[in-house]
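Okay, here's what each chain looks like letter by letter:
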Amino acid sequence: MNPDNTNFRNFAETGTYVDKSMLIDVLNTQCIVNPELKFVCVSRPRRFGKSLAGGMLSAFYSKGADSKDLFAPFKVFGTESFEKHLNKYNVVAIDLNAMYSRWLSLGSRQESSIIGYVTNCVCDEFRKEFSEIDFGNDNSLAGFMQTVYEQKKETFVIIIDEYDVLVREKVSEQDFKIYLAFLNSLFKNWELKPAITLAYITGILPIIKDLIQSKLNTFHEYTMLDASPFAEFVGFTAQEVEQLCNKYSISYEECKSWYDGYNLGGYEIYNPQAVYNAMLSKKFKSYWSKTSSYTVVAEKIRMNFKGTKDDVIAMLCGSRVRVNVGMYENTVESFTNKDDVFTYLIHLGYLAYDEEEGECYIPNREIHEEWQKAIKNNEDYSETDKIISASRDLLDATLRGNEEIVAKALDEAHYHVTSNLSYNNEKSLQSAIYLAYIYAINKYIVVKEMPAGRGYADIVYIPFDKTKTAVIVELKRNGSADSALCQIKEKRYFECLDNWHGDILFVGVNYDENSKKHECKITEFAKD
């Protein structure tokens, strides 16, 4: 009840905080002023800054804080709404995940239910904060808030972090019923509604249809499917990451390949926790496993709904697949088809979503590593795992100019891809190349259909290390590898690497539909 700003101040003053304070202005100018929009539910994956955002809002709105100096360096300080709402409200801030953990740790000393424990803790703070008020025998949070509003005409901002933890932890049916009643008393209570200036709840999953939706149908949802107008606050934007990379003197291009790939509301969104770790350690690697496990993916793809395997292989090959996100019930248990599985993984951050095209895909290298782990011990994907495991040797063979080894490896990869995907031959060949060379994403920026010279180069590999060899790959079907090399030269695809000062290899690949064999020719390009 009315927390101070210590938690947010401790982080904001570290010097590594990325200013997301304009979230406050959006809430002030678009939500608080509109009674129909003042109930906000924001869902996003772990490590995407939900708790930090909640702490910032608490520091800004809480009467228990004096935060003018704290927000002075930030963008929100200069807005018209700043002074009007700064530290003006009674804030009820509940970290439901932390409260649940504390309740479990009490063992035999537990309250009868988690919500009973939460209610007693918050109401005890109400009694201290409003010692002059007699709250009577109504021991509900809604009742306490109603009493304060009636006697003092003061309103509340409610912030609940991890509202969905009881769903994810699969608490008992009785505890869940009590939780639903708790939500109903707060957010379906028309008498209490005038007492609430803003309700901001966060979770990993959107509001569960059927079970919770009826209790929270006053809320507007902003998810990994559509986060507008909060999209730029979901994670770090490209501009913010580029500034951080300059500040910490590390490669923006490599950072982009590792942690970018989520596109929301026109913004390129990066995983903020991973970016922070990379900046501080100056090491690009997967930080995902510190807070989540690839087993989530492994368990879901083992359900093996019709079409799942084909689409997973397609996404491992760098392609995007169609997904119907409208049927998923937002639960952790009820999955009836591959669309439910993929939508669930979008919300968890293991897939990204293109709203305009209705497609999902693996967003970046960090997440691709998690998918590689997920298929590792799955017999259905044993051939895929074999191709991925061999990709480092294939890249080395290519750089050495070993055309025979490359052609043989592509025979295997292409057969595997086309046996599982209903793509036309040209598309499947490109997918086979991408999968066969998947190790290259560790060393290269990989660009498909790159504008180059007088056309588009099929695949271009641009090393992060500027001293290494770049590669341009041209694909032919029922032609010849030599003609593929000629096309690279005649259409001057190498012009896309005009600023490249290292070596460049041209790789021409031809696939013969009759023999089902590949031919490869490799030559080193010498700049004039």
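Going by the structure above, here's the rest.
A brief structural summary. Computed from a prediction, not measured in an experiment: that's the story for all the values here.

Focus: the overall build of the chain
- Per the secondary structure count, the chain includes 22 helices and 16 strands.
- Taking the principal axes of the C-alpha coordinates as reference, the chain spans close to 90 × 45 × 40 Å.
- Here the chain holds 528 residues, and the buried ones make up 56% of them.
- Across the chain, the fraction of contacts at a sequence separation of at least 24, relative to all contacts at a separation of at least 6, is 70%.
- When the accessible area of the chain is evaluated, it comes to approximately 23,200 Å², of which 45% is carbon and sulfur surface.

What to know about the nonpolar core
- Counting 78 residues, the largest nonpolar core has Trp371 and Tyr437 as its most contacted members.
- Ignoring any residue separated from it by four or fewer positions in sequence, one finds Trp371 in contact with Val297, Ile301, Val312, Leu316, Leu345, Tyr350, Leu351 and Ile362.
- Residues Tyr248, Tyr252, Cys255 and Phe284 belong to the second largest nonpolar core, which totals 52 residues.

A look at the pairing of strand 3 (residues 156-161)
- Of all six residues in strand 3, six are buried, a share of seventy percent or more.
- A two-sided burial pattern is seen for strand 3, the buried positions comprising Phe156, Ile158 and Ile160 on one face and Val157, Ile159 and Asp161 on the other.
- One ladder, built from six bridges, connects strand 2 (residues 90-95) with strand 3; its direction is parallel. Bridge assignment links Val92 to a residue of strand 3, and that residue is Ile158.
- Where strand 3 meets strand 4 (residues 196-203), five bridges bridge the pair, whose relative direction is parallel. Bridge assignment links Ile158 to a residue of strand 4, and that residue is Ala199.

As for the sheet that holds strand 2
- Ordered in space as 2-3-4-1-5, the five strands form an open sheet in which the pairing is parallel. Every interior strand has two partners, whereas the edge strands, strand 2 and strand 5 (220-222), have only one. For this sheet the average axis-to-axis angle between neighbouring strands, irrespective of direction, equals 15°.
- Across three bridges, the pairing between strand 1 (residues 39-43) and strand 5 is parallel. Within strand 5, the residue paired with Val40 across the bridge is His220.
- Strands strand 2 and strand 3 of the sheet are contacted by helix 6 (residues 96-105), whose axis makes an angle of about 55° with strand 2.

Rules used in this analysis
Residues numbered from 1 in each chain as written. Predicted model: local features only at pLDDT ≥ 70, side-chain atom pairs only at ≥ 80, totals over all residues. Heavy atoms only, no water. Helix = DSSP H or I, 4+ residues; strand = E, 2+ residues; numbered from the N terminus. Buried < 20%, exposed > 50% of the residue type's maximum accessible area, 1.4 Å probe, protein only. Contact = heavy atoms within 4.5 Å. Areas by Shrake-Rupley, 256 points an atom, 1.4 Å probe, with all protein chains shown as cover. Core = buried A, V, L, I, M, F, W, Y, C linked by side-chain atoms within 4.5 Å. Pairing = 2+ DSSP bridges. Axes fitted to C-alpha atoms, helices over the stretch in contact; angles between N-to-C directions.

Geometric values such as these leave the question of function open.
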